[in-house]
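# Reading the structure
If you want the building blocks of each chain, they are given just below.
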Amino acid sequence: MKNLNDITKNNAFNVPENYFESFSLELESRISEENLKKKFGNKNPFRVPINYFENFTVQLNSKKGKIIQLLKPWLSAAAGIIIIFALWQFLLTDIINTNKQAQNHDSLQTNNSSFIANNTLNIDDIDIKYLDPEVNAFIDETDASQIYEYTNEDSSEETVNPEDESTYEYFIDYADDNDFTELLAEL
Amino acid sequence: MNSAASVNKIDKHLTNKELSEAFNLIVEEYKERLYWHIRKIVLIHEDADDVLQNTFIKVWRYLEKFNRDSKIYTWLFRIATNEAITFINNKKKKSEDSFENYEETLSNSLESDDYFEGDKAQLILQKAILTLPEKQRIVFNMKYFDETKYEEMSEILDTSVGALKASYHHAVKKIENFVKQY
């Protein structure tokens, strides 16, 4: 910097936003305020009872204590409600779970029934394996329905057809072999 | 203990989560300033006492949650102002229920109040203040009697400085007009 002429003469200072716009309003307020103060003063016209501030803390603490005492039954009640609610929730969850299990069981049964209803089990589809390789070979070679007939052959009761000739012959043979009176007695 | 030292001590207690110690110091430090702030809003000592106690009960209840974004002073004055406004509104509601005008009742009771020691002129001024809407009344009291800075008021009342200046201007003009009658 060589001399003063090197410095621009621009105003480097600024004012708060809307300062000049609100200035006259503020000035007017100040004048009115001054007039009021001249007439009425701004001394606090109120007072407090003797030792009010000295005793205030004691009063406040007793009020605080009273509030705590007042809140205690409510807090106990709230705690009780929370416990009941928690128990209820626990029981409710338990009941819901039991119901869900029962429902699952029911739906499983329904599913099973519908599965059975919808899926016919074909005996030929069952792959049966026995320890004895000869039995296995026989099963593989034979149709399953034949095996069924074969295995039930002994247990099946012979049906008697009265019109069948063999039945008639059977009764004749029976009559020859047994005394007829005995036969009548048996009947 | 001076005010700044006390505020530092309150801050320290709050940092260390020593709420009981912080609360006791807050009561000691701010009870008088808050009382006078409330008293100028509600006017009657018994009402101011009620509101002051409610204010501190609220402070005690929420001290743990005070996030210290604002100054403790601002936070306390904001609670006190809100408590005073709530109190007045409740009283107004009760007055309306019994077909009374709260401001008129308050103005009359001021004359016979044992704890009001103002002269006739001061009584007129208080009556004039009572004609103002709540917010204007608070702004007027804070500026006229306590000479609170607009910036501080702005933080407490959560209102812009411009709006507060306008509010004060209206209040002063209304009071001027009112006192002209006397």
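Thresholds applied
- Residues numbered from 1 in each chain as written.
- Chains lettered and ligands numbered in written order.
- Predicted model: local features only at pLDDT ≥ 70, side-chain atom pairs only at ≥ 80, totals over all residues.
- Heavy atoms only, no water.
- Helix = DSSP H or I, 4+ residues; strand = E, 2+ residues; numbered from the N terminus.
- Buried < 20%, exposed > 50% of the residue type's maximum accessible area, 1.4 Å probe, protein only.
- Areas by Shrake-Rupley, 256 points an atom, 1.4 Å probe, with all protein chains shown as cover.
- Phe/Tyr/Trp six-rings, centres within 6.5 Å; stacked < 30°, edge-to-face > 60°.
- Lys NZ or Arg CZ within 6 Å of the ring centre and 35° of its normal.
- Expected span 1.5 Å × (residues − 1).
- Contact = heavy atoms within 4.5 Å.
- Salt bridge = Lys/Arg side-chain N within 4 Å of Asp/Glu carboxyl O.
- Polar contact = N/O pair within 3.5 Å; in protein donor to acceptor, adjacent residues only side chain to side chain.
- Nonpolar A, V, L, I, M, F, W, Y, C, P; charged D, E, K, R; others polar.
- Patch = residues over 30% accessible without salt bridge, like charges linked within 9 Å, V, L, I, M, F, W, Y side chains within 5 Å.
- Core = buried A, V, L, I, M, F, W, Y, C linked by side-chain atoms within 4.5 Å.

## Remarks on the overall build of chain A
When its secondary structure is counted, chain A shows six helices and zero strands. Each of the 187 residues in chain A was classed as buried or not, and the buried ones make up 12%. For chain A, the exposed area adds up to about 16,800 Å²; of that, 58% sits on carbon and sulfur atoms.

## Points about the packing of aromatic side chains
One pass over the structure, following the stated rule, counts 15 aromatic pairs over all chains. Taking the centre distance of 4.4 Å and the plane angle of 25 degrees together, the rings of B:Phe66 and B:Trp75 count as stacked. Across the pair, exposure class does not vary: B:Phe66 and B:Trp75 are buried alike. Among the aromatic side chains, those forming a connected cluster through ring pairs are A:Tyr52, A:Phe53, A:Phe56, B:Phe23, B:Tyr35, B:Trp36 and B:Phe56. Positioned above the aromatic ring of B:Tyr150 is the side chain of B:Lys143, whose terminal nitrogen or guanidinium carbon lies 5.2 Å from the ring centre.

## As for helix H1 (residues 19-40) of chain A
With 22 residues, H1(A) extends 30 Å from end C-alpha to end C-alpha; this agrees with the ideal 32 Å at 1.5 Å per step. Burial in H1(A) covers these residues: A:Ser29, A:Ser32, A:Glu33, A:Leu36, A:Lys37 and A:Phe40. Tucked inside the fold, the buried residues of H1(A) contact helix H6 (120-130), helix H7 (134-144) and helix H9 (161-179) of chain B. A positive backbone phi angle near 75 degrees is found at A:Gly41, which sits one or two residues after H1(A).

## Some points on the interface of chain B and chain A
Frequently, the measure chosen for interface size is the accessible area that the parts lose on association. Taken residue by residue, the interface counts 45 residues in chain B and 30 residues in chain A. In this assembly, chain B and chain A are joined by four salt bridges. Its salt-bridge partner being A:Glu28, residue B:Lys173 comes within 3.2 Å of it at the nearest N-O pair. One can count 22 residue pairs in polar contact (both at pLDDT 80 or more) joining chain B with chain A. Elements that contribute at least two residues to the side of chain B that touches chain A include exactly helix H2 (19-42), helix H3 (45-62), H6, H7 and H9 of chain B. Each residue belonging to the side of chain B that touches chain A can be placed in one class, and the counts come to 24 nonpolar, seven polar and 14 charged.

## Brief notes about a nonpolar patch on the surface
All names here are of chain A. A contiguous nonpolar patch, built from Val15, Tyr19, Phe20, Phe23, Leu27 and Ile31 and spanning about 570 Å² of accessible area, is present on the exposed surface. Examined against the element boundaries, valine 15 turns out to sit in the segment before H1. By relative accessible area, valine 15 is classed as partly exposed at 38%.

## Points about the nonpolar core
Residue and element names in this part refer to chain B. In this structure, Ile26, Phe56, Ile72, Phe140 and Ile175 are the most contacted members of the largest nonpolar core, which totals 72 residues. Broken down by element, this core gets its largest block of residues, 12 residues, from H2. For isoleucine 72, the contacting residues outside a window of four places in its chain are Ile10, Leu14, Ile26, Tyr30 and Phe66.

## So, H9(B)
For H9(B), built from 19 residues, the straight-helix expectation of 27 Å at 1.5 Å per residue is met to within 8% by its first-to-last C-alpha distance of 27 Å. Buried residues in H9(B) make contact with H1 of chain A together with H6, H7 and helix H8 (150-157) of chain B.

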